[in-house]
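Residue-level listing of the chains:
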There are 2 protein chains.
Amino acid sequence: MTNSTTYSVTVNGVTRELPSIQVGEMGRVPLVELLGDFEFTNAVADALVPLLPENAQVLLSVSTSSIPLAHAVSERKKLPYVIVRKKRRTYMRQPLIQEVPSMTLGVNETLWLDSRHATRLKGQQVVILTDVVVSGGTQEALAKLVERAGGTVCGYVSGFKQGDPRVAVQYLVELPKVL
Amino acid sequence: MTNSTTYSVTVNGVTRELPSIQVGEMGRVPLVELLGDFEFTNAVADALVPLLPENAQVLLSVSTSSIPLAHAVSERKKLPYVIVRKKRRTYMRQPLIQEVPSMTLGVNETLWLDSRHATRLKGQQVVILTDVVVSGGTQEALAKLVERAGGTVCGYVSGFKQGDPRVAVQYLVELPKVL
């Protein structure tokens, strides 16, 4: 491992030294990793629950890194959650398809929402939940999917903010964009 | 939604009507969906915990559908977990790369294990944990990654068995391969 710089964050009493990674030509950025860390995931979920809009009925998130957080917030609020996929699966029928520009991969990504799950958003107040918000591009694409599915976005919530997103997101910790 | 056939399963008192899906020319098969269902995920996790080998030190699973289950089992056993990815991420450094044949997609898939996470398996007794085992191909590929990372596989655990896997897997519920 060549990364020597870390960035310390504490959420609800749980501290992690985030590794820093080289992303394109942006320089070194701290990397949030909830995947593989139930203790940190649960701390972030506990802290996010009070930020959810009162009228939220469904949580919408996207694979992959936000999945444990979506599970943990769903469990705490006893609200259903839906995960949008980044790959078409053969079992999907008439999926909603939405393009999103990705900062991490440096190329456009495609979001896939199976029609069976789109129906779970219809007529519902939906919170868009992610581990990290950067440009807001992913959140905007998720919002478009909510509208197309017949739901209403009632808020955006994210554990971490790393940049200046184009949407108004409730978050816990602001991370530097470059270390 | 054109699926009319469902298959009922009960785990630890939680019952779900699994939708059936058309998979290639195999016919209709029941689809397990833990993603988006914290209650069923937790029921499966509760039931799986007693099946874990006593000497387990780390859980290894693979994205995407098994992630909530890995989180929930990890949380209950207070054991760390590692998720192998199906897509290379730009932050990966010297990842271990492993091919696996996929029944679901009908094409080979590639598994990616970042070197930072591979080190978490080194010298450890590792349980391979999945939501569903079918042919055992994914489990074999995960086992190869454990060996290459310097760990030892101490067992295979899966919520559901759907077919005749080539590896000995502890599971909770056997599902019909075709309805």
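Each remark here, short or long, concerns the structure printed above.
Model, not experiment: these values are computed from the prediction.

**Student:** What should I look at first to understand the overall build of chain A in this one?
**Tutor:** Looking only at helices and strands, chain A features four helices and ten strands. Along chain A, from the amino end to the carboxyl end, the secondary structure elements read β-β-β-α-β-α-β-β-β-α-β-α-β-β. Relative to the globule expectation of 16 Å for 179 residues, the C-alpha radius of gyration of chain A, 16 Å, shows essentially globular dimensions. Across its three principal axes, chain A shows a C-alpha extent of roughly 45 × 35 × 30 Å. Surface exposure of chain A reaches about 7300 Å², of which carbon and sulfur atoms provide 48%. The averaged location of the 16 negative side-chain charges in chain A is 9 Å from the averaged location of its 19 positive side-chain charges.

**Student:** Explain the environment of A:Val23 to me, please; I cannot follow it from the model alone.
**Tutor:** In this structure, A:Val23 sits in the loop between strand S2 (14-22) and strand S3 (28-30). In this structure, the C-alpha to C-alpha distance between A:Val23 and A:Val178, residues 155 residues apart in sequence, is 9.6 Å.

**Student:** Sorry, what's going on with unusual backbone geometry here?
**Tutor:** A negative phi angle is the norm for most residues apart from glycine, just as the trans form is the norm for most peptide bonds. Residues and elements named next belong to chain A. Residue Ser63 is joined to Thr64 through a cis peptide bond whose omega torsion reads 10 degrees. Position of Thr64 relative to the elements: it lies in the loop between strand S4 (58-62) and helix H2 (67-77). The phi torsion at Asn12 lies on the positive side, around 50 degrees, for a residue other than glycine. Summarising the element assignment, Asn12 is placed in the loop between strand S1 (6-11) and S2. According to the relative accessible area criterion, Asn12 is exposed, its value standing at 55%.

**Student:** Looking at this structure, I do not really get the pattern of salt bridges. What am I missing?
**Tutor:** Two side chains bearing opposite charge may form a pair once their charged atoms approach each other closely. Summed over all chains, the structure comprises 21 salt bridges over all chains. B:Arg76 is paired through a salt bridge with B:Glu75; the nearest N and O atoms lie 3.3 Å apart. Owing to a relative accessible area of 29%, B:Arg76 belongs among the partly exposed residues under this scheme. Among the ionic contacts, a cluster of salt bridges with common partners joins A:Lys86, A:Glu109, B:Lys87 and B:Arg89.

**Student:** Help me understand the interface of chain A and chain B, please; the structure alone is not making it clear to me.
**Tutor:** Many descriptions give the size of an interface as the accessible area lost when the pieces come together. With 39 residues of chain A at the contact, the number on the chain B side is 39 residues. A buried area of about 3600 Å², summed over both sides, lies between chain A and chain B, and 57% of it is on carbon and sulfur atoms. Looking at the side of chain A facing chain B, the largest losses of area belong to A:Phe38, A:His71 and A:Arg116, adding up to 17% of the total buried there. In this structure, the connection of chain A to chain B is made through five salt bridges. The partner of B:Glu109 in a salt bridge is A:Lys87, with the nearest N and O atoms 3.7 Å apart. Counting every contact that joins chain A to chain B gives 14 residue pairs in polar contact (both at pLDDT 80 or more).

**Student:** Just to check I follow, could you spell out the sheet that holds strand S3 (residues 28-30) of chain B for this structure?
**Tutor:** To summarise the sheet geometry, strands pair through backbone hydrogen bonds and adopt either a parallel or an antiparallel arrangement. Residue and element names in this part refer to chain B. Across the sheet, three strands lie side by side as S1-S2-S3; this open sheet has antiparallel pairing. Each edge of the sheet is formed by a strand with only one pairing partner; in this case those strands are strand S1 (6-11) and S3. In this sheet, adjacent strand axes meet at a mean angle of 30 degrees when their direction is disregarded. Relative to strand S2 (residues 14-22), S1 is paired through six bridges, and the arrangement is antiparallel. Within the sheet, the bridge partner assigned to Thr10 lies in S2 and is Thr15.

**Student:** I would appreciate a short explanation of the sheet that holds S4(A) in the present structure.
**Tutor:** All names here are of chain A. Read from one edge of the open sheet, five strands run S5-S4-S8-S9-S10, paired in parallel fashion. Only two strands of the sheet have a single neighbouring strand rather than two, namely strand S5 (81-84) and strand S10 (170-174). Taken over all neighbouring pairs, the strand axes of this sheet differ in orientation by 20 degrees on average, direction set aside. Examined bridge by bridge, strand S9 (residues 152-161) and S10 share four bridges and lie parallel to one another. By the bridge assignment for S10, Val157 is matched with Gln170.

**Student:** Looking at this structure, how should I read helix H4 (residues 137-148) of chain B?
**Tutor:** Because each turn of an α-helix spans 3.6 residues, side chains separated by three or four positions in sequence point in the same direction. All names here are of chain B. In this model, H4 (twelve residues) spans 17 Å end to end at C-alpha, consistent with the 16 Å of a helix rising 1.5 Å per residue. Regarding H4, the residues found buried are Gly137, Gln139, Ala141, Leu142, Ala143, Leu145 and Val146. Looking at the buried side of H4, the elements it contacts are strand S4 (58-62), strand S5 (81-84), strand S6 (96-101), strand S7 (108-113), strand S8 (125-133) and strand S9 (152-161). Immediately downstream of H4, the backbone of Gly150 shows phi near 90 degrees, a positive value.

**Student:** Even after reading the chapter, I still don't get the environment of A:Thr10, so can you show me in this structure?
**Tutor:** As for its placement among the helices and strands, A:Thr10 is situated in strand S1. Reaching out from A:Thr10, the side chain makes a polar contact with the side chain of A:Thr15 at a distance of 2.7 Å.

**Student:** What am I meant to see in the relation of the copies chain A and chain B here?
**Tutor:** One chain copy maps onto the other through a rotation about an axis and a shift parallel to that axis. Overlaying chain A on chain B yields an RMSD of 0.0 Å, the required transformation being a rotation through 180 degrees with an accompanying axial translation of 0.0 Å. Between the two chains, the operation in question is that of a two-fold axis. Residues of chain A ranked by C-alpha distance from the rotation axis are headed by A:Pro68, positioned 2.8 Å from it. The share of interface residues of chain A whose copies in chain B are also at the interface is 100%, consistent with both copies meeting through the same surface.

Rules used in this analysis
- Residues numbered from 1 in each chain as written.
- Chains lettered and ligands numbered in written order.
- Predicted model: local features only at pLDDT ≥ 70, side-chain atom pairs only at ≥ 80, totals over all residues.
- Heavy atoms only, no water.
- Helix = DSSP H or I, 4+ residues; strand = E, 2+ residues; numbered from the N terminus.
- Rg over C-alpha atoms; globule rule 2.2 N^0.38 Å.
- Areas by Shrake-Rupley, 256 points an atom, 1.4 Å probe, with all protein chains shown as cover.
- Lys, Arg positive; Asp, Glu negative; His and termini not counted.
- Charge placed at Lys NZ, Arg CZ, Asp CG, Glu CD.
- Buried < 20%, exposed > 50% of the residue type's maximum accessible area, 1.4 Å probe, protein only.
- Salt bridge = Lys/Arg side-chain N within 4 Å of Asp/Glu carboxyl O.
- Contact = heavy atoms within 4.5 Å.
- Buried area = accessible area lost by both parts, 1.4 Å probe.
- Polar contact = N/O pair within 3.5 Å; in protein donor to acceptor, adjacent residues only side chain to side chain.
- Pairing = 2+ DSSP bridges.
- Axes fitted to C-alpha atoms, helices over the stretch in contact; angles between N-to-C directions.
- Expected span 1.5 Å × (residues − 1).
- Least-squares fit on C-alpha atoms with pLDDT ≥ 70 in both.

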